[in-house]
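Spelled out from the first residue to the last, the chains are:
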Amino acid sequence: MGAYVRTWRSCLESAGAHQGALRDDYMKVARFMQRREPAGYLAVRLLVPASHQPHVLAGYAFAAFTDDVCDRGTVQERTRHYDAWAEQVRTALSTGSASHPLLRAFLHTAAERELPRRWVDSYLEGARIDLDFSGFETEADYQRYVEQLTWPFLMITSGLAHLGGGSAEFAASCRLFADAAQRTDILTDLSEDLRGGRLYLPLSDLERHGITRADLEKGRDLPGVRALVAATVEAARATLHEATVLLEHCAEEHRRLMRFILDLHHQRLASVTARGASVARRPVRDRPVACLRLLAGRPARRPVRAAG
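Since we're looking at a predicted model, the values are computed, not measured.

J.: I'm lost on the overall build of the protein chain in this one. Help?
T.: Across its full length, the protein chain holds 16 helices and zero strands. A compact globule built from 308 residues would reach a C-alpha radius of gyration of about 19 Å, and the protein chain, at 19 Å, matches this within 12%. Seen along its three principal axes, the alpha-carbon backbone of the protein chain occupies a region of about 60 × 45 × 35 Å. Restricting the contact set of the protein chain to residue pairs at least 6 apart, pairs at least 24 apart contribute 72%. Accessible area for the protein chain stands at about 13900 Å²; split by element, carbon and sulfur atoms hold 51% of it.

Given below as structure tokens:
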């Protein structure tokens, strides 16, 4: 498991970012990711070659920071802060310079990995959807969201595994995983989203199972809620199985990380299945021991019995 564990400074040296301000920027990337996504940070440090680690983390840090800007404050505050950030990013991409350390690191990474700018522009445009999110009426609305936001997010993170962003086949497999990952996140974060006034499940799905948004908001353990959760898990799992093709098109150096991420989402879906309707009452969180087993290449036994 520890083949790629080296000091962060030696990783920066391998990536050519070991001097001056650039080194300091990547140091801040590492600290940001340690705080915000400790499990993801550990996975990258353990499973990705040393010379690629700074670039992978810089991509995730940029995307995560942008996501945070969209989530904090009132709609007006989020919109104002996001517009300022998006303008700063676009200017940085055009001029090659920036004042924010995470953005400077991402600029260097994007240039080194020859990331197509269209994915960054697509992500910035798609992120606006979450500023004043009104929900999905249909599955088609949900799929547009994945297309406009989740998929570009993956391409500016996982796409850094390949110079130039990878092949068309790699991009298509990322689109599959984007769907599976988004649907999984909807289930694991359902209770928190509801408390924040957001529902990411299409209303057509609720209607199909004979329940209302109020049933979810009140945490009712109804047959329809259990059926809705089970059907959403089934859809996510089916797409996740399809997304396994990602391993065929992913750069060999990043295959271990991608396998871990795929297994982690299977584990999350198993946890949702075990929880059943209660996912509307409290969030589903990763189990540290189970995650460590995955990192060690030993998938945890998945629970199969649903509980309300």
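And the narrative resumes.
J.: Help me understand the nonpolar core, please; the structure alone is not making it clear to me.
T.: Formed by 98 residues in total, the largest nonpolar core has its most connected members in Phe62, Phe177 and Leu216. A total of ten residues in this core trace back to one element, the largest contributor, which is helix H4 (residues 53–71). Excluding residues that lie within four positions of it along the chain, Phe62 makes contacts with Trp85, Val89, Leu103, Phe106, Val120, Tyr123 and Ile156.

J.: Would you mind showing me how to read the side chain of Ser204 here?
T.: Residue placement: Ser204 occurs in helix H11 (residues 203–208). Its relative accessible area of 17% is what places Ser204 among the buried residues. For Ser204, the contacting residues outside a window of four places in its chain are Glu137, Thr138 and Glu139.

J.: Mind showing me how you'd approach the packing of aromatic side chains here?
T.: Each aromatic ring pair is characterised by the separation of its centres together with the angle its planes make. Summed over the entire model, instances satisfying the criterion amount to 13 aromatic pairs. For the ring pair Trp119 and Trp151, a centre distance of 5.1 Å and an interplane angle of 65° mean the geometry is edge-to-face. Taken together, the positions of Trp119 in helix H7 (residues 117–127) and Trp151 in helix H8 (residues 139–155) put the pair 32 residues apart, joining distant regions of the chain. Classification of Trp151 by relative accessible area gives buried; the value is 15%. Chaining the aromatic ring pairs together yields one cluster made of Phe32, Phe62, Phe65, Trp85 and Phe106.

J.: I tried to follow the pattern of salt bridges on my own but got confused; where do I start?
T.: A side chain of one charge can pair with a side chain of the opposite charge if their charged atoms are brought near each other. Within the structure shown, the criterion is met by 20 salt bridges. For the salt bridge of Arg117 with Asp121, the shortest nitrogen-to-oxygen distance reads 3.2 Å. Here Arg117 pairs with Asp121, and both are found in helix H7, just four residues apart, close to one helical turn. Overlapping salt bridges, with partners in common, bring together Arg36, Glu37, Asp67, Asp68 and Arg72 in one network.

J.: Sorry if this is basic, but what is going on with the side chain of His55 here?
T.: With respect to the element layout, His55 can be found in helix H4. The exposure class assigned to His55 is buried, which follows from its relative accessible area of 7%.

J.: Which parts of the structure should I look at to understand the confidence of the model for the protein chain?
T.: A low pLDDT means the predicted coordinates there should not be read in detail. Predicted confidence across the protein chain gives a mean pLDDT of 92, with 95% of residues reaching 70 or more. Contacts from residues 300–308, a stretch scored under 50 in pLDDT, to residues over four places away or in other chains number 23 contacts.

J.: I keep staring at unusual backbone geometry and nothing clicks. Help me out?
T.: One can expect most non-glycine residues to show negative phi and most peptide bonds to be in trans. The backbone of Glu114 shows a phi angle near 55°, a positive value even though the residue is not glycine. Relative to the elements of secondary structure, Glu114 occurs in the loop between helix H6 (101–112) and H7.

J.: Quick question: what am I supposed to make of the packing of H8 against helix H9 (residues 168–188) here?
T.: For any two helices packed against each other, the geometry is given by the interaxial angle and the distance between the axes. At their nearest, the axes of H8 and H9 sit 8 Å apart, and the two run at 115° to each other. You can see that H8 and H9 cross each other, and the crossing is right-handed. On H9, the residues touching Glu139, Tyr142, Gln143, Tyr145, Val146, Glu147, Thr150, Trp151, Leu154 and Met155 of H8 are Phe170, Ala171, Cys174, Arg175, Phe177, Ala178, Asp179, Gln182, Arg183 and Ile186.

J.: Please explain the environment of Ile261 as it appears in this structure.
T.: Structurally, the position occupied by Ile261 is in helix H15 (residues 255–275). Once the C-alpha coordinates of Ile261 and Phe177 are considered, the two residues, 84 residues apart in sequence, prove to be 10.0 Å apart. In contact with Ile261, other than residues within four places in its own chain, are Tyr60 and Phe177.

J.: Help me understand the packing of helix H2 (residues 20–36) against H4 in this model?
T.: Across the interface, H2 lies against H4 with an axial gap of 9 Å and an inter-helix angle of 60°. The angle between the axes of H2 and H4 places the two elements in the oblique class. Relative to H4, the crossing made by H2 is left-handed. Taken together, the residues of H4 that come into contact with H2 (itself represented by Tyr26, Val29, Phe32, Met33 and Arg36) are Pro54, His55, Leu57, Ala58, Tyr60, Ala61, Ala64, Phe65, Asp67 and Asp68.

Calculation notes
Residues numbered from 1 in each chain as written. Predicted model: local features only at pLDDT ≥ 70, side-chain atom pairs only at ≥ 80, totals over all residues. Heavy atoms only, no water. Helix = DSSP H or I, 4+ residues; strand = E, 2+ residues; numbered from the N terminus. Rg over C-alpha atoms; globule rule 2.2 N^0.38 Å. Contact = heavy atoms within 4.5 Å. Areas by Shrake-Rupley, 256 points an atom, 1.4 Å probe, with all protein chains shown as cover. Core = buried A, V, L, I, M, F, W, Y, C linked by side-chain atoms within 4.5 Å. Buried < 20%, exposed > 50% of the residue type's maximum accessible area, 1.4 Å probe, protein only. Phe/Tyr/Trp six-rings, centres within 6.5 Å; stacked < 30°, edge-to-face > 60°. Salt bridge = Lys/Arg side-chain N within 4 Å of Asp/Glu carboxyl O. pLDDT = per-residue confidence, 0-100. Axes fitted to C-alpha atoms, helices over the stretch in contact; angles between N-to-C directions. Left-handed = near helix turned anticlockwise from the far one by under 90°. Parallel < 35°, antiparallel > 145°, perpendicular 65-115°, else oblique.

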